Amino acid sequence: DTADDVRVEERTFPTLDALNAALAAEPPVVPGGTRAVPGEGPVGAAIAFVGEQPGHQEDRQRRPFVGPAGRLLDRALAEAGIARERVYVTNAVKQFKFVQRGKRRIHQRPTAGEVSHSRWWLDRELGLVHPRVVVALGATAGLALAGRRVTVTRERGPLALANRRGYLTVHPSYLLRLPDEAAKHAAYEAFVADLNAIREMAG
Ligand code: URA
């Protein structure tokens, strides 16, 4: 296991495509995990968004943020004047972790250990994309980027990272889960306000 870690540390990738090709060949790191879903977007994007992990739809289509949370993100990005095709979108953990319940695959939150294992890929990926601002969507992405537990309610906003400019906000799934329509609307507007701040930070 230690020998494997050393070997993996020595691998270097000149391009994002090379990195993602290697990622695609990785065995699952999470129990029940399937294939890796790579990040998506142009190298040199000014903004990179980091989610938690791919969900059911993302795993099927092998693209990040294409399910319900992705549609909400798309709508909020458009409202904030950010073109999705010009930003980079990825996840802290690259594989869908789930438990099977009948025909449904139910999302399971990755452990801190799984997040830490996946940081190796995320660091290299962001090194190659080289965004001006990296956005943590939720606490799992915050943990992956900051290397410590973050609390969205307390630390929402610009987030100090070792070698990058960061920003912490809510995960779009959180907005989908809010039961009350008025609360959902207010939380959505606050999310769009964060995206406007992020656009200005990156501009
Ligand atoms: N939620 C995430 O965190 N990432 C995705 O790609 C989709 C849903």
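Residues numbered from 1 in each chain as written. Predicted model: local features only at pLDDT ≥ 70, side-chain atom pairs only at ≥ 80, totals over all residues.

### Section: the site of the ligand
In the vicinity of the ligand lie 13 residues, with Gly51, Glu52, Gly55, Pro64 and Ala69 positioned nearest. A per-class count over the shell around the ligand returns four nonpolar, seven polar and two charged. (Near = placed C-beta within 6 Å. Nonpolar A, V, L, I, M, F, W, Y, C, P; charged D, E, K, R; others polar.)

### Comments concerning helix H4 (residues 68-79)
An ideal rise of 1.5 Å per residue puts 16 Å on twelve residues; H4 measures up with 17 Å between its terminal C-alpha atoms. Of all the residues in H4, the buried ones are Ala69, Gly70, Leu73, Ala76 and Leu77. Down the axis, H4 shows its buried residues gathered within 125 degrees of arc, on one side only. Residues of H4 that are buried in the fold lie against helix H8 (172-177) and helix H9 (181-202). Just past H4, the residue Gly81 takes up positive phi, approximately 75 degrees. (Helix = DSSP H or I, 4+ residues; strand = E, 2+ residues; numbered from the N terminus. Expected span 1.5 Å × (residues − 1). Buried ≥ 20, exposed ≤ 12 C-beta atoms within 10 Å, placed from the backbone. Arc of directions from axis to C-beta. Contact = placed C-beta atoms within 7 Å.)

### Quick notes on the UniProt feature "domain: Uracil-DNA glycosylase-like" (unreviewed entry) in the protein
UniProt records the feature "domain: Uracil-DNA glycosylase-like" (unreviewed entry) for residues 38-196 in the present numbering. Between the C-alpha atoms that bound residues 38-196 there is a distance of 26 Å. The span itself is 44% helix and 19% strand. (UniProt positions renumbered as here; feature names shortened; annotations may be inferred.)

### Thoughts on the confidence of the model for the protein
Per-residue confidence for the protein gives a mean pLDDT of 92; residues scoring 70 or more make up 93%. What the predictor reports for the complex is a pTM of 0.92 with an ipTM of 0.93. (pLDDT = per-residue confidence, 0-100.)

### Some points on unusual backbone geometry
In the Ramachandran plot, Phe65 falls in the positive-phi region, its phi being about 50 degrees despite a non-glycine side chain. Of note, Phe65 is situated in the loop between helix H3 (56-61) and H4. Assessed through the 26 C-beta atoms surrounding it within 10 Å, Phe65 is described here as buried. Backbone geometry places His130, a non-glycine residue, at a positive phi of 55 degrees. Residue classification places His130 among the partly exposed residues on the basis of 13 C-beta atoms within 10 Å.

### Topic: the pairing of strand E3 (residues 98-101)
Pairing analysis gives four bridges linking E3 to strand E4 (residues 104-107), with the strands arranged antiparallel. If you follow Val99 over to E4, its bridge partner there is Ile106. (Pairing = 2+ DSSP bridges.)

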